Amino acid sequence: GDSVTQKQGQVTLSEDDFLFINCTYSTTTYPTLLWYVQYLGQGPQLLLKVTTANNKGISRGFEATYDKGTTSFHLQKASVQESDSAVYFCALVSYQGGRALIFGTGTTVSVSP
Amino acid sequence: EAAVTQSPRNKVAVTGGKVTLSCNQTNNHNNMYWYRQDTGHGLRLIHYSYGAGSTEKGDIPDGYKASRPSQENFSLILELATPSQTSVYFCASGDGPTEVFFGKGTRLTVV
């Protein structure tokens, strides 16, 4: 069945560092891949969406891309700020059995000033 | 801005007791979801609904029931709470899988 794997559990950075988070996915359909961000005490909120049509999404300085050959998708930001400290989830839209989103296990990003 | 409100925000329950988590959305979305969040597991789908009167099992439905009495309200029910159900629960609503809005979560502790 559809699945997504997010191996980086924790990333620790300093301000102005480069952020890169990677997920891999498996699906038999054309993938729609999402990135959600969860700030402390909040629910997850949509950050970016990438589809086979657009190949790339950009929002709030973040860029999401995907690689069909390696079935992986990435989130990156050139220069992080302390306010980017949060948990980042990758997610795959799945239509198997009526399910909506399959989430990765999340990457906790901590940015120090 | 889509609004999904969960209550209570924090709950302590005793093992074997009944727990009801409530969710209200004011966006007139057809679909509603219940997820639980645990370290190392991310967000896992418990139950979902396509509209009033409908409930469907997600990936981890065992030990949970759901109720959708109206378009706006979706409840998660633990008939016999167990310590393994200690978690943070999120309700979400949306009209499509790429436009899903989450509430702020309910922290449930079963002792």
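As the structure is a computational prediction, the values presented were derived from the model and not from experiment. Per chain, the residues get numbers from 1 upward, laid out in the order the sequence is written. Written order decides the labels, with chains lettered from A and ligands numbered from 1. Per-residue local features of the predicted model are confined to residues with pLDDT of at least 70, and side-chain atom pairs are confined, for both listing and counting, to 80 or more; whole-chain, interface and lining totals are unaffected and use all residues. Each side-chain value is worked out from all heavy atoms of the structure, with water and hydrogens disregarded.

*Asks:* How do you make sense of the state of the cysteines when you look at a structure like this?
*Replies:* Such a bond, covalent and formed between the sulfur atoms of two cysteines, is termed a disulfide. We call a pair of cysteine sulfur atoms a disulfide when they lie within 2.5 Å. Under the definition given, this model contains two disulfides over all chains. A sulfur-sulfur distance of 1.9 Å marks the disulfide that ties Cys23 of chain A to Cys90 of chain A. Classification of the bridge connecting Cys23 of chain A and Cys90 of chain A rests on its S-S torsion, roughly -90°, and on that basis the disulfide is left-handed. Of this pair, Cys23 of chain A sits in strand β3 (residues 19–26) while Cys90 of chain A sits in strand β9 (residues 86–93); the two residues are 67 residues apart in sequence, bridging distant segments of the chain. Using a 1.4 Å probe on the protein chains alone, a residue whose accessible area is under 20% of its type maximum counts as buried, one over 50% counts as exposed, and one in between counts as partly exposed. Given a relative accessible area of 0%, Cys23 of chain A falls into the buried group. Through a disulfide, Cys23 of chain B is tied to Cys91 of chain B; the S-S separation comes to 1.9 Å. Taking the torsion about the sulfur-sulfur bond, which here is approximately -80°, the covalent link between Cys23 of chain B and Cys91 of chain B counts as left-handed. Of the two residues, Cys23 of chain B sits in strand β3 (residues 19–25) while Cys91 of chain B sits in strand β9 (residues 87–96), which places them 68 residues apart along the sequence. Helix and strand assignments follow DSSP, with helices taken as H or I runs no shorter than four residues and strands as E runs no shorter than two, numbered in order from the N terminus.

*Asks:* Got a minute to help me understand the layout of surface pockets in this structure?
*Replies:* The method is simple in principle: a probe with the dimensions of a water molecule rolls over the atoms, and the space it marks as empty is what remains. As a volume, the largest pocket reaches approximately 610 Å³. Lining the largest pocket are 28 residues, and of these Gln38 and Val87 of chain A together with Gln37, Val88 and Arg107 of chain B lie nearest its centre. For the lining of the largest pocket, the elements supplying multiple residues, two or more each, are β9 and β11 (107–112) of chain A together with β4 (31–38), β9 and β11 (106–110) of chain B. For this classification, the nonpolar set comprises Ala, Val, Leu, Ile, Met, Phe, Trp, Tyr, Cys and Pro, the charged set comprises Asp, Glu, Lys and Arg, and every other residue, Gly included, is treated as polar. Among the residues making up the lining of the largest pocket, the classes are represented as eight nonpolar, 16 polar and four charged. A cavity, in this analysis, means grid points on a 1 Å lattice covering only the protein atoms where a 1.4 Å probe fits yet has no way out; a pocket is instead an open set bounded by protein on both sides within 12 Å along at least five of seven lines, and a residue lines either one if it has an atom within 4 Å of a point. Grid points are joined across faces, edges and corners, and a volume is the space filled by probe spheres set on the points.

These figures capture arrangement, not role.
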